[in-house]
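Observations on chain architecture
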Amino acid sequence: MTDGQPLLRTEGLTRHFKIGGGINRKTLHAVDDVSLEIGEREIVALAGESGSGKSTVARLLARVYKPTAGEIYFSGKPLSKLSSRRDELAYRGDVPMVFQDPFGSINPVFRVSHAMLRSLKLHRPDMSKEQRVEEAQRVFDIVGLTPGAEVLNRYPHELSGGQRQRVGFAQALAMRPRLILADEPVSMLDVSIRIGLLNLMTKLRDEQGVSILYITHDIASARYVADRLIVMYAGQIAESGPVEDVLASPRHPYTQLLVSAVPDPKAEPVNPESIDRGEPPKVIDPTPGCRFRWRCPLAIDICHTQTPQLLPLADSHDAACHVAQSSSVPAKAF
Amino acid sequence: MRTGQAELLGVDLAHITTGPVLEVRDLSVIYRTKAGDVGAVKDVSFDLAKGEFLGIVGESGCGKTTLLFAVAQLLSHPAEITGGSVRYKGVDLTELSEAQLATIRWKNLSLVMQSAMNALNPVKRIGAQFSDAMRAHGSTPNEIAERSVEVMRMVGIDPIHLKSYPHQLSGGMRQRSMIAMAMLYTPDLVIMDEPTSALDVVAQRSLMVQIKELQERLGFAIIFVTHDMSLVSHYSDRLMVMYAGEVAELGTTRTVFDTPRHPYSIGLLDAFPSIHGDKVPLTGIPGSPPNLASPPDGCRFAPRCPRVIERCKAAPIDLFRVEDVLVRCIRTGNGDGFDD
C-alpha cells in the first residue's frame, strides 16, 4: 500500500435486503459493517463461500446497489456526493467490472469490436474514430488477444471462454481504469487456461499500474495473484492481511477451516472424524454474536452475545475473533 | 412387483456378485450435427471392479459427460453410440430396450447429476420425488416411507426435509438429497457427474467424505467425473484422464499423481496453484482443445504439447502399457521419461 490515502476505502459498508412481506417481513444482512482498503497497484482478493456477501461488496463498489449504510471513498472522495452524470460516468470508467460468465457478458449478435468501440466513445469522447480503433487494438494486444485487429472483427461464438474473459479485461482496460472489480473471473474457465488469466491480472498490475479486487472462492488462486487477502463470512470480514501472512497463520477459525478444506494431492488424507460438516450461516435477522459460533469448536460465552470487531493482532494482520484477540498463542480450530 | 427384472432380462442382476461390475469396451459416441459428425468419445475401454472408485478428469468438451451418459444409456439424438459395448454384470446395456433399462435404473445403477437444482423437480417435494422412483420399481407405500427416512438419515439430513421443496434446501443439502435418492435401493454402481462443482471447498470436502463413507459401508462402485483433478486425489482408487474424447492416461490414482506420464496430465497437475510451499510461476496449458469434427491426424494433444516431436503428428497414437498405467504418448509409452 502506498503512503497517504488508499485508492479506495469503505467505512462501515452495509447492505440489507428486505425479503417477504407483511407479517413475514425480514431483513437479509448481505453485507454488514465492512471496512476495507484497496491501495494503488494492489491486487486484493476477497474470498468466502457462496452467500458470504463478496459479490454484494463488488456490486456496491460498482454502484449497482446503493449501500444501506456506510460510505465508499474513492481517492478520498465520498461516492455518496457524486451527483452529476459526468462524475458518475468518470467513476464507472475508473472502476469497471469484469463479470464471471464470459458467455453471458458479451452480446452475441455483434462483433466484439462493437461494445468495445461504443464504450470508448462514451468514456473517451475526445477520441476520433480512427483513434478508437487504434486504442481497441492496443488493449487487445495487451491482454493477449493477438493480432488485436483480427480478433476485434470476430463474433463472440468464435472465441473460447478464456478469450472472451480476456475481452472483458480489454473492455475494462480501455477505460484507463484505476481499479478493476473482477467477480470470479476464472471460475467458469477450464483449469488449464485459468492460470493464463491470473497471470494477465498480475501483468495488468505490474505494467499498467491498475489495482484489482479479485473476488473468488478459490483461496489457492488468491494466494497465487493477490497481495492482500480479505476473508468474508456471513456478510462480515472475518480476517484480512497480507496474503502469505493470513494463509501461513490463519487466526480466524473460519479461515483455518477454509485453508484446511482446499484439496491438496500432496497432503495426507483427512481424518473424516475431524472435519466440519456445518451448513452455511443464516443471515436473515441475525442476532448479536459471532456468526461463525455455531460451527466453531473454540466458541466461548462472549461469542454468543457480542459481535467481534475486526482488530489488528500481534502478527500484523486483522481478525474478527474473540478467541484470537484474547490469546497471544494462535488457537487452532481446524 | 410389476414385471420382474429377472423375467425381463432373463437374469437377476442382484445375485451376480462375481466379476467386474462394469466392462466398457471400445465405446465410441458420435454427435450427428448439420456441420458433420463430431466424435465426442473414441474407443474408450475400462473395467470397474466391485466397490471400486474410478475418477474421470478432463476439461469441458473432453467427452467425460458424454461417456457417462453412454454408460448409463441416456444419450439422445443427435448423439449416437457408434461402436463398442457397455457390459453391466455381463449384460450389454447397449442392447437393452428402454423397458429393460428401466428395471435397472435406480435399482442397480443410479446417477447423481451435476446440478441438483436442475436435476430435482422444483415443484415437487423431495419425498414425492423419492416415491416416484420407488413406485416405478413396485415398492409399497410403507416401504417407500420407511426407506425414504432411512436414506435421508444416511446422508445426514433430517428426514423432516422429505416435506421440503428443493429451493428450501441449501446447495449442499440438495446435492446430498440427490445422493440419498441414488441410495434408495442398494445399487452396485453409482455414476456421479461433477456432484460437487457448485459447492464451495468446505461443503465440497464434507460431501466427498460422506460419499466415501457410504461407499465403504454399502460397497457400491463409483464413477466420479470432475474437472478438478485434486478433488479426487484422496478418494479414487483409479484415475482416468480424458483428452479430446480419448483416454490419455489411466492408472491408480497415486501413480498418476506421483508420476504422471502423459504431457496433458503433467500440464493439468501443474495448472493448480498450491496453497502450501513456495509460490512458483505457472503457465497452464496454452491453446485450446481440438475441434472434434476434424481432429488432428496424429496425437490429439500435439498442437498444445510442449514435448511434441515430428513423429507425434504422423498417425493416431495407441495406448501403451507402462507398469500398471495406460498412457497415450509415444514418448513415454516405452517406459522412459522425457529425455530432454
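Here we summarise the structure given alongside this text. All figures in this text were calculated on a predicted structure; none of them were measured in a lab.

1. Topic: the packing of helix α5 (residues 126–135) of chain B against helix α7 (residues 171–182) of chain B
Describing two packed helices takes the angle between their axes plus the distance from one axis to the other. All names here are of chain B. Remark: α5 packs on α7, axes separated minimally by 10 Å, with the N-to-C direction vectors making an angle of 25°. The pairing of α5 with α7 is recorded here as roughly parallel in orientation. Crossing hand, α5 versus α7: right-handed. Residues Ile-126, Gln-129, Phe-130 and Ala-133 of α5 touch α7, and the partners they reach there are Ser-177, Ala-180 and Met-181. Residues of the contact of α5 with α7, tallied by class, amount to five nonpolar, two polar and no charged.

2. So, empty space enclosed by the protein
Tallied over the entire structure, the rule returns four cavities of 30 Å³ or more. Roughly 80 Å³ of volume is contained in the largest cavity. In terms of lining residues, the largest cavity is bounded by 15 residues, among which Pro-263, Cys-299, Cys-305, Cys-312 and Cys-329 of chain B are the most central. Looking at the lining of the largest cavity, its residues break down into 11 nonpolar, one polar and three charged. Put simply, the second largest cavity is a space of about 70 Å³. Contributing to the lining of the second largest cavity are His-252, Pro-253, Cys-290, Phe-292, Arg-293, Cys-296, Ala-299, Cys-303, Pro-308, Cys-321, His-322 and Val-323 of chain A. The residue inventory of the lining of the second largest cavity, partitioned by class, reads nine nonpolar, two polar and one charged.

3. Quick notes on the state of the cysteines
Any covalent bond linking the sulfur atoms of two cysteines counts as a disulfide. Residue and element names in this part refer to chain B. This model, assessed by the stated rule, comprises zero disulfides over all chains. No disulfide involves Cys-62; its sulfur sits 15 Å from that of Cys-299, the nearest cysteine. Cys-329 takes part in no disulfide bond, and the closest cysteine sulfur to it belongs to Cys-312, at a distance of 6.3 Å. The class for Cys-329 is buried, based on a relative accessible area of 8%.

4. Some remarks on the nonpolar core
Counting 66 residues, the largest nonpolar core has Phe-140, Phe-169, Tyr-214 and Leu-229 of chain A as its most contacted members. Contacts of Phe-169 of chain A, omitting those with residues within four sequence positions, involve Val-98, Val-143, Ile-180, Ala-182, Pro-185, Leu-197, Leu-200, Met-201 and Leu-204 of chain A. Counting residues in each nonpolar core, the second largest holds 60 residues, with Ala-133, Ile-222, Val-241 and Tyr-264 of chain B among its members.

5. A look at the side chain of Thr-253 of chain B
Residue and element names in this part refer to chain B. Counting through the fold element by element, Thr-253 comes out in helix α10 (residues 253–258). For Thr-253, a relative accessible area of 3% corresponds to the buried category. When residues no more than four places from it in sequence are discounted, the contact partners of Thr-253 are Val-232, Ser-233, Ser-236, Asp-237, Arg-238 and Leu-239.

6. Overview of the packing of aromatic side chains
All names here are of chain B. In total, this model carries nine aromatic pairs over all chains according to the counting rule given. Geometrically, the ring pair formed by Tyr-243 and Phe-301 is edge-to-face, given 5.0 Å between the ring centres and 85° between the ring planes. Here Phe-301 lies in the loop between α11 (263–269) and β11 (320–322) and Tyr-243 lies in strand β9 (residues 238–243), a separation of 58 residues in the sequence. By relative accessible area, Phe-301 is classed as buried at 2%. Pairing Tyr-264 with Phe-301 gives two aromatic rings, centres 5.3 Å apart and planes at 65°, and the pair type is edge-to-face.

7. Regarding the pattern of salt bridges
Residue and element names in this part refer to chain B. Applying the stated criterion across every chain yields a total of 32 salt bridges over all chains. For the salt bridge of Asp-188 with Lys-89, the shortest nitrogen-to-oxygen distance reads 3.1 Å. Of this pair, Asp-188 sits in the loop between α7 and β7 (189–193) while Lys-89 is found in the loop between β4 (79–88) and β5 (91–92), placing the two residues 99 residues apart along the sequence. Lys-89 shares its class with Asp-188; the two are buried. Among the ionic pairs, Glu-150 bridges to Arg-147, the shortest N-O distance being 2.6 Å. Note that Glu-150 and Arg-147 are positioned in helix α6 (residues 141–154) at a spacing of three residues, about one turn of the helix.

8. Notes on the interface of chain B and chain A
With 41 residues of chain B at the contact, the number on the chain A side is 38 residues. Buried surface at the junction of chain B and chain A, summed over both partners, amounts to about 3,400 Å²; 57% is from carbon and sulfur atoms. It is Arg-205, Ile-275 and Lys-279 of chain B that lose the most area in chain B upon contact with chain A, and together they represent 22% of the buried surface on that side. Linking chain B to chain A there are one salt bridge. Linking Glu-244 of chain A and Lys-279 of chain B is a salt bridge whose minimum nitrogen-to-oxygen distance equals 3.8 Å. Inspection of the region where chain B meets chain A yields 12 residue pairs in polar contact (both at pLDDT 80 or more). Going through the elements one at a time, α7, α8 (201–218), α9 (229–232) and α10 of chain B are the ones with two or more residues in the side of chain B that touches chain A. Looking at the side of chain B that touches chain A element by element, the count peaks at eight residues for α8 of chain B.

What counts, and at which threshold
- Residues numbered from 1 in each chain as written.
- Chains lettered and ligands numbered in written order.
- Predicted model: local features only at pLDDT ≥ 70, side-chain atom pairs only at ≥ 80, totals over all residues.
- Heavy atoms only, no water.
- Axes fitted to C-alpha atoms, helices over the stretch in contact; angles between N-to-C directions.
- Helix = DSSP H or I, 4+ residues; strand = E, 2+ residues; numbered from the N terminus.
- Parallel < 35°, antiparallel > 145°, perpendicular 65-115°, else oblique.
- Left-handed = near helix turned anticlockwise from the far one by under 90°.
- Contact = heavy atoms within 4.5 Å.
- Nonpolar A, V, L, I, M, F, W, Y, C, P; charged D, E, K, R; others polar.
- 1 Å grid on protein atoms, 1.4 Å probe; cavity = no way out; pocket = protein on both sides within 12 Å on 5 of 7 lines; lining within 4 Å.
- Points joined across faces, edges and corners; volume = space filled by probe spheres on them.
- Disulfide = S-S within 2.5 Å.
- Buried < 20%, exposed > 50% of the residue type's maximum accessible area, 1.4 Å probe, protein only.
- Core = buried A, V, L, I, M, F, W, Y, C linked by side-chain atoms within 4.5 Å.
- Phe/Tyr/Trp six-rings, centres within 6.5 Å; stacked < 30°, edge-to-face > 60°.
- Salt bridge = Lys/Arg side-chain N within 4 Å of Asp/Glu carboxyl O.
- Buried area = accessible area lost by both parts, 1.4 Å probe.
- Polar contact = N/O pair within 3.5 Å; in protein donor to acceptor, adjacent residues only side chain to side chain.

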